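Descriptive analysis of the structure
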Amino acid sequence: MELTPLLKIMPFRGMSETELASLLFGGHGSVRRFATGDFIALQGSLCRGLYVLVSGRVRAAMVNADGKEVTIDEIEAPALLASAFVFATENRFPVQISAIKPCEVCVVGKDRLTEAMSRVPSLMSGFLTDISDRSAFLGRKLNEFALLDLKKRILEYLKTNPVIRNQREVAQRLGVTRPSLARALSELAKEGRLPASKGASK
């Protein structure tokens, strides 16, 4: 397993490869492998430690009682999964996490993570930076869903995703039906605010 990419992300910057290996592999059964389509964590399940996505790509989504699914984010390795909830009083996953590609995930127990933080100060400061950044990300997401109308949300989405290749996936991410998304894209194109090619795919 290649550790070098992990040393470039928060909170592992500043750690040596030996320190990181000890953190990730110091516990029994800490490495888990998932095939495409597997669930890594279910919404509402206990977050028993720090989940480190070593390889692969995952989707984080929220599902309501009626089965409606909204994609919150797609995450490429290397990355942390739901790090803000490891030490929460109600430490349950707020989303379901599924593998888009085959994945390797290391799970670091809370006790081992706490002990490593006491030995490696950069790990603690990096972890705090990571959860602060995630709070800012969630704040932006809340703004998108609660304050912006659909057209503005589409334009915000296109700032970081210049081409819409799959309307169904984008509709899930924006929390709307595909017909609503298609209608809004058509209106934006007619208004001259969106090149028709961006909304052409299905």
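Residues numbered from 1 in each chain as written. Predicted model: local features only at pLDDT ≥ 70, side-chain atom pairs only at ≥ 80, totals over all residues. Heavy atoms only, no water.

Per an unreviewed UniProt entry, the protein chain carries the name Crp/Fnr family transcriptional regulator and comes from Leyella lascolaii.

1. Considering the environment of Val105
Within the element layout of this structure, Val105 appears in strand S8 (residues 103-109). Take Val105: its relative accessible area is 1%, and that puts it in the buried class. The spacing of Val105 and Gln167 is 62 residues in sequence and 29 Å in space, taken between C-alpha atoms. (Helix = DSSP H or I, 4+ residues; strand = E, 2+ residues; numbered from the N terminus. Buried < 20%, exposed > 50% of the residue type's maximum accessible area, 1.4 Å probe, protein only.)

2. Considering the pairing of strand S5 (residues 69-76)
In the sheet, strand S4 (residues 57-63) pairs with S5 via seven bridges, with the strands oriented antiparallel. In the strand pairing of S5, Val58 is matched with Ile75. Taking the residues that link successive antiparallel strands as the turn, the S4-S5 hairpin has five residues, and the phi of Gly67 there is positive, at about 90°. (Pairing = 2+ DSSP bridges.)

3. A closer look at the packing of aromatic side chains
Evaluation of the coordinates by the stated rule reveals two aromatic pairs. Consider the rings of Tyr51 and Phe93, whose centres lie 5.2 Å apart with planes at 90°: the pair is edge-to-face. Of this pair, Tyr51 sits in strand S3 (residues 49-55) while Phe93 sits in the loop between strand S6 (79-81) and strand S7 (96-99), placing them 42 residues apart in sequence. Here Tyr51 matches Phe93 in class, with each residue buried. Centre to centre, the rings of Phe87 and Phe127 are 5.9 Å apart; their planes meet at 85°, and the pair counts as edge-to-face. (Phe/Tyr/Trp six-rings, centres within 6.5 Å; stacked < 30°, edge-to-face > 60°.)

4. Description of the side chain of Gln167
With respect to the helices, strands and loops of the structure, Gln167 is situated in helix H5 (residues 167-174). Judged by its relative accessible area of 2%, Gln167 is buried. At 3.2 Å, the side chain of Gln167 and the side chain of Arg178 are in polar contact. (Polar contact = N/O pair within 3.5 Å; in protein donor to acceptor, adjacent residues only side chain to side chain.)

5. Quick look at the sheet that holds S4
Spatially, S2-S7-S4-S5 is the arrangement adopted by the four strands of the open sheet, whose pairing is antiparallel. This sheet does not close on itself; its edge strands, each paired only once, are strand S2 (39-41) and S5. Ignoring which end each strand starts from, the neighbouring axes of this sheet average 30° apart. Relative to S7, S4 is paired through four bridges, and the arrangement is antiparallel. The partner of Val58 across the bridge, within S7, is Ala99. Docked against the sheet, H5 engages S4 and S5, running at close to 105° with respect to S5. (Axes fitted to C-alpha atoms, helices over the stretch in contact; angles between N-to-C directions. Contact = heavy atoms within 4.5 Å.)

6. Thoughts on the packing of helix H4 (residues 150-160) against H5
At a closest axis distance of 11 Å, the pairing of H4 and H5 adopts a crossing angle of 115°. On the basis of the axis angle, H4 is roughly perpendicular to H5. Along this stretch, H4 crosses H5, giving a crossing that reads as right-handed. Along its contact with H4, which presents Leu150, Arg153, Ile154 and Tyr157, the element H5 presents Val170, Arg173 and Leu174. Here the residues of the contact of H4 with H5 are counted per class, giving five nonpolar, no polar and two charged. (Parallel < 35°, antiparallel > 145°, perpendicular 65-115°, else oblique. Left-handed = near helix turned anticlockwise from the far one by under 90°. Nonpolar A, V, L, I, M, F, W, Y, C, P; charged D, E, K, R; others polar.)

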